Amino acid sequence: MPTFRRVFVDNSYVFITVAINNRKRQLLTDYISEFRLALRAVHQKFKFNIYAIVVLPEHFHMILKAQNITEYPRIVSLIKIFFTKSLPSDLRLELSKEVSLSKIKKRESGVWQRRYYEQTIRNESELNHLTDYIHYNPVKHDLVEKPCDWQNSSFMKFVEGGFYDVNWCDFTQLKNYQ
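Residues numbered from 1 in each chain as written. Predicted model: local features only at pLDDT ≥ 70, side-chain atom pairs only at ≥ 80, totals over all residues. Heavy atoms only, no water.

*Asks:* Mind showing me how you'd approach the overall build of the chain here?
*Replies:* A tally of helices and strands in the chain yields eight helices and four strands. Along the chain, from the amino end to the carboxyl end, the secondary structure elements read β-α-α-β-β-α-α-α-β-α-α-α. By residue count, 43% of the 178 residues in the chain fall in the buried class. Carbon and sulfur atoms form 49% of the exposed surface of the chain, whose accessible area is close to 10,800 Å². (Helix = DSSP H or I, 4+ residues; strand = E, 2+ residues; numbered from the N terminus. Buried < 20%, exposed > 50% of the residue type's maximum accessible area, 1.4 Å probe, protein only. Areas by Shrake-Rupley, 256 points an atom, 1.4 Å probe, with all protein chains shown as cover.)

*Asks:* Can you walk me through the packing of helix α2 (residues 32-45) against helix α3 (residues 72-86) in this structure?
*Replies:* Any two packed helices are characterised by the angle at which their axes cross and by the distance between the axes. α3 packs onto α2 with a crossing angle of 135° between their chain directions and a minimal axis gap of 8 Å. What the angle tells us is that α2 and α3 run oblique. Like other packed secondary-structure pairs, α2 and α3 cross with a definite hand, here right-handed. Where α2 abuts α3, its residues Glu34, Phe35, Ala38, Leu39, Ala41, Val42 and Lys45 lie against Ile75, Leu78, Ile79, Phe82, Phe83 and Ser86. In terms of residue class, the contact of α2 with α3 is built from 10 nonpolar, one polar and two charged. (Axes fitted to C-alpha atoms, helices over the stretch in contact; angles between N-to-C directions. Parallel < 35°, antiparallel > 145°, perpendicular 65-115°, else oblique. Left-handed = near helix turned anticlockwise from the far one by under 90°. Contact = heavy atoms within 4.5 Å. Nonpolar A, V, L, I, M, F, W, Y, C, P; charged D, E, K, R; others polar.)

*Asks:* Please explain the pairing of strand β4 (residues 117-120) as it appears in this structure.
*Replies:* Taken residue by residue, a regular strand's side chains alternate between the two faces of the sheet. Here β4 shows one buried face, formed by Glu118 and Thr120, and one open face, formed by Tyr117 and Gln119. The sheet contact formed by strand β1 (residues 14-19) and β4 spans four bridges and is antiparallel. Within β4, the residue paired with valine 14 across the bridge is threonine 120. (Pairing = 2+ DSSP bridges.)

*Asks:* Before we go on, may I ask you to explain unusual backbone geometry in this structure?
*Replies:* A negative phi angle is the norm for most residues apart from glycine, just as the trans form is the norm for most peptide bonds. Residues other than glycine seldom take positive phi values, yet asparagine 11 does so here, at roughly 60°. Within the fold, asparagine 11 resides in the segment before β1. Asparagine 11 sits in the exposed class, given a relative accessible area of 62%. The phi dihedral of aspartate 142 falls on the positive side, at around 60°, and the residue is not glycine. Summarising the element assignment, aspartate 142 is placed in the loop between α6 (124-140) and α7 (155-160).

*Asks:* What is the right way to read the side chain of glutamate 58 from this model?
*Replies:* Topologically, glutamate 58 is positioned in the loop between β2 (48-55) and β3 (59-66). Judged by relative accessible area, which is 16%, glutamate 58 ranks as buried. Polar contacts involving the side chain of glutamate 58 include one to the side chain of histidine 59, which spans 2.8 Å. Once residues within four sequence positions are removed from consideration, glutamate 58 is found in contact with Ala19, Ile20, Arg23, Arg25 and Leu28. (Polar contact = N/O pair within 3.5 Å; in protein donor to acceptor, adjacent residues only side chain to side chain.)

Laid out in structure tokens, this is it:
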């Protein structure tokens, strides 16, 4: 079996995708306040900036830059732990019943998928592409018709910063002509 090795490039951004176990439940949007509190709690322990983020019902994408790049796996792990612990105990108990024996042995809760996707961003073009991907994701998943309509995203921060026009990727007018 091949060994998985992370790449740590100092002063780099990392694109991360983390998903709820089996992607069955809308935990992240149903408990968005708890998710935000988990982010704040982790930010108190580690120095990192979230460049862009979108939180969807059953997964989230973010681009982060950690002051110490080797800490980003721990940052992701703590986000998952703090969010899980913030859920109502009856829900955690219900989710734990869906956990396999191998997950129980690894002290997993049943809330999150075991692994997550990460990609070290190599250049500005890749950073811009993945930022666009993050902000278009709610449209891709048919949650809204245009990125500005999704509140659980950094999209409006980028609009305010002049990176996007508020109507970026608003194709609703084109749909009327089909």
